[in-house]
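# Tertiary structure, described
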Amino acid sequence: MRQTFDKEQFQKDLLQWYEKEKRDLPWRRTSNPYYIWVSEIMLQQTRVDTVIPYYLKFIERFPTMESLAEADEEELLKLWEGLGYYSRVRNLQIGVREVVEHYGSEVPKTRKEISSLKGIGPYTAGAILSIAYNLPEHAVDGNVMRVYSRLFEIPDDISKPKTKKIFDELVTKTISHEDPSSFNQAIMELGAVVCTPRNPHCLLCPVQEHCAAYASGTPLDYPVKKGKTKVRKVDIFPFVLQDEQGRYLMRKRPSEGLLANMWEFPYVERASEDLTDPQQQLEKQLNTKIKVGQTYEPYKHIFSHLHWNIYATNGRIVDSNDIKETATMKFFTIEEMKALPMAVPVQVLFKQILNHIIL
DNA sequence: AAACCGGGGCC
DNA sequence: GGCCCAGGTTT
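The model shown is predicted, which means the values in this text are computed figures rather than measured ones. (Residues numbered from 1 in each chain as written. Chains lettered and ligands numbered in written order. Predicted model: local features only at pLDDT ≥ 70, side-chain atom pairs only at ≥ 80, totals over all residues. Heavy atoms only, no water.)

Within this structure, the stated rule accounts for 16 salt bridges. For Arg 61, the salt bridge goes to Glu 75, with nearest N and O atoms at 2.4 Å. With Arg 61 in helix H3 (residues 48-61) and Glu 75 in helix H5 (residues 73-80), this pair connects stretches of sequence that are 14 residues apart. A relative accessible area of 38% means that Arg 61 is categorised as partly exposed. Judged by relative accessible area, Glu 75 falls into the partly exposed class, the value being 29%. Taking the shortest distance from any N to any O, the salt bridge between Lys 109 and Glu 106 comes out at 2.7 Å. Using a relative accessible area of 44% as the deciding quantity, one classes Glu 106 as partly exposed. (Salt bridge = Lys/Arg side-chain N within 4 Å of Asp/Glu carboxyl O. Helix = DSSP H or I, 4+ residues; strand = E, 2+ residues; numbered from the N terminus. Buried < 20%, exposed > 50% of the residue type's maximum accessible area, 1.4 Å probe, protein only.)

What follows is the structure, given as structure tokens:
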């Protein structure tokens, strides 16, 4: 650490600012470690404003760890619908079950024990320990790395796993032992509202005088991050297929991988240079004949690592006796479909169906 | 160490 | 269109 850094004054400036400016968020009105846990999982890679309504619904439905431990996965996924990263909620339930069964329903208070729980990595362990139990543990996320990389002009590439150790140690050295909970939340709050990626509000920053990058006029040079991921483009051909009774054929995705266990309209995918007919592909896959109807307006869905161009068609199964219903391939009525967890690109189609029926 | 895993907001 | 977000797990 550079010699001119005044740790005590830094903590004081930061905590005074936080006490005055902190946002009133639902999970800041509790120190219940289970509620903090839920909020931290939801906040992974997800913005505060998005999380708030999901958090309130989730806590209302599952006010205790015991109630969550007993929940059906389908209901969990439905509550999580639209948040993304659906394995988060399954891991959360697994972790909560471990606490109920092996820790007497008391969230453990050591990094070693809490880190052993499913879905709790180094960041979430530190966040729960500090926020709920007021222990001086580091909780380093993207915000913290950005703030500290500017405070100390850290030249290391934050996309490299090895670099994280530098930030863990810096936070451990500088964290307030009088109020670790507020300290960690204050750093994250600072990163969220002041020390932002593109437009840092340095003139409003409570720790401006402690910031090496500000002194050098280089905040935008930090954090150092490189490494691009190129997105794969795929054409998706979903078929909205009804049987003779007007029910819709839905398919449940595999239990692992992209959008695990979510429901979808059966689709085939095709690389752009492939010329095979999607309808024939699906007929072969389902071993049935399809009478196609109309096509929907094509639309896109962007994942961080994948770019879907979606060309949907509706139609009918010529003879629904061809389809042997299974746990992962069934006909549903509209009302039944409303209870199925569907990812956003699937909901786009479902909403079109609902609108068409009303008209 | 690198790949995988959603979705939305912002510039 | 690219980047970012209160990351963790798997390979």
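Still more ground to cover, so stick around.
Time to look at helix H11 (residues 180-193). Taking 1.5 Å per residue as the helical rise, H11 with its 14 residues ought to reach 20 Å, and the 20 Å between its terminal C-alpha atoms agrees with that figure. In terms of residue burial, H11 counts as a mostly covered element, since 12 of its 14 residues are buried. Taken residue by residue, H11 has Pro 180, Ser 181, Ser 182, Phe 183, Asn 184, Gln 185, Ala 186, Ile 187, Met 188, Glu 189, Leu 190 and Gly 191 as its buried positions. Of the surrounding secondary structure, the elements contacted by the buried residues of H11 are helix H1 (7-21), helix H8 (122-133), helix H9 (142-151) and helix H10 (164-174). (Expected span 1.5 Å × (residues − 1). Contact = heavy atoms within 4.5 Å.)

A word on the packing of helix H2 (residues 33-43) against helix H6 (residues 87-102). Between two packed helices, what matters for the description is the angle formed by their axes and the separation of those axes. Relative orientation of the contacting elements H2 and H6 amounts to 160°, with a least axis distance of 10 Å. On the basis of the axis angle, H2 is roughly antiparallel to H6. Handedness of the H2/H6 crossing: right-handed. Only Arg 88, Leu 92, Gly 95, Val 96 and Val 99 of H6 make contact with H2, whose side of the interface consists of Tyr 34, Trp 37, Val 38, Ile 41, Met 42 and Leu 43. For the contact of H2 with H6, the class distribution of residues is 9 nonpolar, 1 polar and 1 charged. (Axes fitted to C-alpha atoms, helices over the stretch in contact; angles between N-to-C directions. Parallel < 35°, antiparallel > 145°, perpendicular 65-115°, else oblique. Left-handed = near helix turned anticlockwise from the far one by under 90°. Nonpolar A, V, L, I, M, F, W, Y, C, P; charged D, E, K, R; others polar.)

Turning our attention to a negative patch on the surface. On the surface, Asp 6, Glu 8, Glu 178 and Glu 209 cluster together into a patch of negative charge. Mapped onto the fold, Glu 178 is located in the loop between H10 and H11. The exposed category is assigned to Glu 178, whose relative accessible area is 66%. (Patch = residues over 30% accessible without salt bridge, like charges linked within 9 Å, V, L, I, M, F, W, Y side chains within 5 Å. Areas by Shrake-Rupley, 256 points an atom, 1.4 Å probe, with all protein chains shown as cover. Lys, Arg positive; Asp, Glu negative; His and termini not counted. Charge placed at Lys NZ, Arg CZ, Asp CG, Glu CD.)

Among the nonpolar cores identified, the biggest contains 101 residues, and Trp 37, Phe 58, Tyr 148 and Met 337 are the most heavily contacted of them. The element best represented in this core is H8, accounting for 8 residues. Looking at which domains feed residues into this core, each of domain 1 (7-221) and domain 2 (232-358) gives three or more. The contact partners of Trp 37, leaving out residues within four places of it in the chain, are Met 65, Leu 92, Gly 95, Val 96, Val 99, Val 107, Leu 117, Ile 120 and Ile 128. Among the nonpolar cores identified, the runner-up in size contains 12 residues, and Phe 237, Phe 239, Leu 241 and Ile 290 belong to it. (Core = buried A, V, L, I, M, F, W, Y, C linked by side-chain atoms within 4.5 Å. Domains from an automatic or database assignment.)

Once that is clear, we can look at the protein's contact with DNA strand C. The environment of DNA strand C is made up of 27 residues, and the closest members are Gly 119, Thr 124, Asp 141, Asn 143 and Arg 146. Considering the 4 Å shell around the protein, atoms of DNA strand C inside it are sugar or phosphate in 72% of instances. One of the backbone nitrogen or oxygen atoms of Gly 142 is found 3.5 Å away from a phosphate oxygen of DNA strand C. Residue Arg 198 places a side-chain N or O atom 3.1 Å away from a sugar or linking oxygen belonging to DNA strand C. Grouping the amino acids of the surface near DNA strand C by side-chain chemistry returns 10 nonpolar, 8 polar and 9 charged. (Near = heavy atom within 4 Å. Polar contact = N/O pair within 3.5 Å; in protein donor to acceptor, adjacent residues only side chain to side chain.)

A word on the protein's contact with DNA strand B. If you check the shell around DNA strand B, you find 21 residues, and the closest are Gln 45, Arg 47, Tyr 85, Tyr 86 and Leu 259. Counting only the atoms of DNA strand B within 4 Å of the protein, the fraction contributed by sugar and phosphate is 57%. One nitrogen or oxygen atom from the side chain of His 305 is found 3.1 Å from a phosphate oxygen belonging to DNA strand B. Within the backbone of Val 344, an N or O atom sits 3.2 Å from a phosphate oxygen of DNA strand B. Classifying every residue of the surface near DNA strand B gives 10 nonpolar, 8 polar and 3 charged.

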